[in-house]
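One letter stands for each residue in the lines below.
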Amino acid sequence: MTTFQKAHVLLFHILVISLLPLKITSSPRTEAEALVKWKNSLSPPLPPPLNSWSLANLGNLCSWYAVVCDNTNSTVSEINFSGANLTGTLTGLDFASLPNLTSLNFNGNNFGGSIPSSIGKLSKLTFLDLGHNLFEDTLPSELGQLRELQYLSFYFNNLNGTIPYQLTNLPKLEYLNLTNCGLEGKLSSNLSRLSHLKELRIGNNMFTGPIPTEIGLISGLRFLELNNISAHGEIPSSIGQLRELRNLDLRANFLNSTVPSELGLCTNLTFLSLAGNDRVRPFRKPLLWSNSTNHLESNKHFGHKSFFNKLSGTIPMDIGNLTSLQVFDVNNNNLDGELPETIAQLTALTYFSVFTNNFSGSIPRDFGKNSPSLKRIYLSNNSFSGEMPSDLCSGFNLDVLAVNNNSFSGPLPSLRNCSSLVRVRLDENQFTGNITEAFGFHPNLNFISLSGNELVDNNFSGSIPRELSNCNRLLSLNLSHNNLSGEIPYELGNLFSLQYLLDLSSNSLSGAIPQNLQKLASLEILNVSHNHLSGTIPQSFSSLIPTGGVFQTATAEAYIGNSGLCGKVKGLACANVFSPDNSGGANKKVLLGVIIPVCGLLLLGVGIILFRSQAKHLDEESKNIENDDQSICMVWGRDGKFTFPDLVKATNDFNDKCCIGKGGFGTVYRAELPTELAQTMRVTDKCDVYSFGVVVLEIMMGKHPGEFLATLSSNKSLSSIEDSQVLLKDVLDQRLPPPIGQLAEAIVFTMSVALACTRLQLQSPDP
């Protein structure tokens, strides 16, 4: 054997010896040792099944938790910790000791740190999923060594850097998911080298530049998600070459081109989202609307922001050809015109949303009739008009109907059979008719609004349907600004789930507020203002809500505009409410109870004088209408005068809305007049105004005012208490505490008018 031959033999033996350790590392023991060592590096607590990972249990390696062996049961081929909630890193895992591993699934854990470059030693790996973890740093270039890899996912991690160009060297890769990984840089045209790719999901990253036109060379691509990657420029027309494409998501970018008509060649397209782009313009050819499309979407809410594109134009008639279409969503655009009649042909439709556009005209009459699976309809914030279709709930599956902020008119569509309703918004339209005919049994309903707005109110009539009490999940009910009449149904108190709003304001409701409403223990806002309600506001309302709730801080604003309504609410106290809780409070109530009837008597007295004076001159008024202002009785104030027509005008012809109380002697009205102190003019009728003033003073002073009047009569130049040395607090009934605030003002007014009446006797008549 020559020296040269000996050298070759020696090298051969060295090579064989060097390979021996590799053979050793693939033994069951070396695999078990590597796994146990890595397990011990994880942070506790560990799932109990992981106790099976023990060298004492070496003989059952293939039965260890999350471990799968090959067909020979001699080596580990798969490890699946998906959703195991493990915490730790991959640094301590010796990948070299697992050479036969074909599948590694660590999705949905709390693994962090860097992805070890040694992962490139898993040369037989076909499936690698490290998604939904906390991995950091860049993707290792050694991933390019995994030539057998078919599935690769790193979505939802905290990575940085670019997509390593080595990834494009994976000839068998079919699925690549790098969504929301924090990657950046320019998208490489080398992505087209992944010729076997079927799904490319790289959205929600910080890439820049245009979408590579070469993307169209991946002929077998079915899912292409490039949403929110800051892509600029045009939508590549080469996408039209992707004849297998089913899902195209280009949301939230800065694309500024027209939608290429070549997209119409993607005949298998089922999902198209172009929302949130800078200036994406409308479709150019109806070819886009293919028969196989079952989901068209032009706007989505992503993350914590709402992205809207700026599509314009109309919806093509060809949409009716999309008989498989399930979800149609073009909300928040500038689309206009009328909805095509062909939308009634969408037999598979479940979700229809066109809110916040510029649509007008009526809704096709048969819309919903042939769509038995229709669940949600959003037509809000447009300019639709006419009547609503009558068959929106043909399949009894409708759970959301939102048509607010339009100009719909006519009767409501019947919703009696829509037992699945959850949310209904009909507000701010011009609907008319009887509301009781529209609703039935809706056990899941949690929100309903039928109110009007500042421009046009709805005009619902009839009474509030008692059937609403069956909506036992209702969270908010708004029936304001309509023409509802009758009493408030006591059954509304059984809507225990009402939490946010019960608004019955601006209707024609009458009767008392049902005591049963006190059961609404979670209600935050109650508004019954501007109706014809009467009676007393239930005292229990003040304790309905925990501290800070509306009923503990309620003012009269929630109840105003109801002529006969009063109660224990700030600014709306009843005249004859006595409180036995404390003497001071009781005294104030007594005094208030005296003041208001006295004021009523004053108004009654003035009314008698006006009536008699008006009757006296009735014949003259009929003779000369032009001079009727001079012939009717006049009332003087400190700063001027006002006539009976002024009273009529101030009370809106004595309208019930100005009525503040009714009693056995007549009706008292509230009026705002331009004088601060009102007193009658000098009267020559037999009506004893002086005696009237004496009675009022006696009530206020708690004794006969003879001595007091005598003091005033001793100096006829004194025109009021203000001109004398007598203090009002010394004149009032000393058994009551001194009045303050509005009560004091009312007393000053009453005493001033009473003194004005008595002055008529003190003053000498004019010659």
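Residues numbered from 1 in each chain as written. Predicted model: local features only at pLDDT ≥ 70, side-chain atom pairs only at ≥ 80, totals over all residues. Heavy atoms only, no water.

(A) Focus on the environment of Gly240. On the secondary structure map, Gly240 appears in the loop between strand S15 (232-233) and strand S16 (247-249). The buried category is assigned to Gly240, whose relative accessible area is 2%. The spatial distance from the C-alpha of Gly240 to the C-alpha of Leu263 is 4.7 Å, given a sequence separation of 23 residues. (Helix = DSSP H or I, 4+ residues; strand = E, 2+ residues; numbered from the N terminus. Buried < 20%, exposed > 50% of the residue type's maximum accessible area, 1.4 Å probe, protein only.)

(B) Region of interest: unusual backbone geometry. The amide bond that connects Pro44 to the next residue, Pro45, takes the cis arrangement and shows omega of 0°. Mapped onto the secondary structure, Pro45 falls in the loop between helix H2 (28-39) and strand S1 (67-69). Despite not being glycine, Ala66 shows a phi value in the positive range, around 70°. Topologically, Ala66 is positioned in the loop between H2 and S1. The phi angle at Thr356 is positive, at roughly 60°, despite the residue not being glycine. Its location among the elements puts Thr356 in the loop between strand S25 (351-353) and strand S26 (358-361).

(C) The arrangement of the sheet that holds strand S9 (residues 158-159) in detail. If you walk across this open sheet you meet the 4 strands as S3-S5-S7-S9, and the pairing is parallel. Where the open sheet ends on each side, the last strands, each with one partner, are strand S3 (87-88) and S9. Here 2 bridges tie S3 to strand S5 (residues 110-114), and the two strands are oriented parallel to one another. Opposite Thr87, over in S5, you have Asn110 as the bridge partner. (Pairing = 2+ DSSP bridges.)

(D) Spatial organisation of the pairing of strand S28 (residues 383-386). Bridge count for S26 against S28 is 2 bridges, and the pairing is parallel. Among the inter-strand pairings, Ser360 is bridged to a residue of S28, identified as Ser383. Judged from the 2 bridges that link them, S28 and strand S30 (residues 407-410) form a sheet pairing that is parallel. Bridge assignment links Gly386 to a residue of S30, and that residue is Phe408.

(E) Quick peek at the packing of aromatic side chains. Counting across every chain of the model gives 18 aromatic pairs. Seen from their ring centres, Phe359 and Phe384 are 6.0 Å apart, and the 10° between their planes marks the pair as stacked. One end of the pair, Phe359, is in strand S26; the other, Phe384, is in strand S28, with 25 residues separating them in the sequence. When sorted by exposure, Phe359 lands in the same class as Phe384, which is buried. Taking the centre distance of 6.1 Å and the plane angle of 10° together, the rings of Phe408 and Phe431 count as stacked. Here Phe408, found in strand S30, pairs with Phe431, found in strand S32 (residues 430-434); they are 23 residues apart in sequence, far enough to count as distant. (Phe/Tyr/Trp six-rings, centres within 6.5 Å; stacked < 30°, edge-to-face > 60°.)

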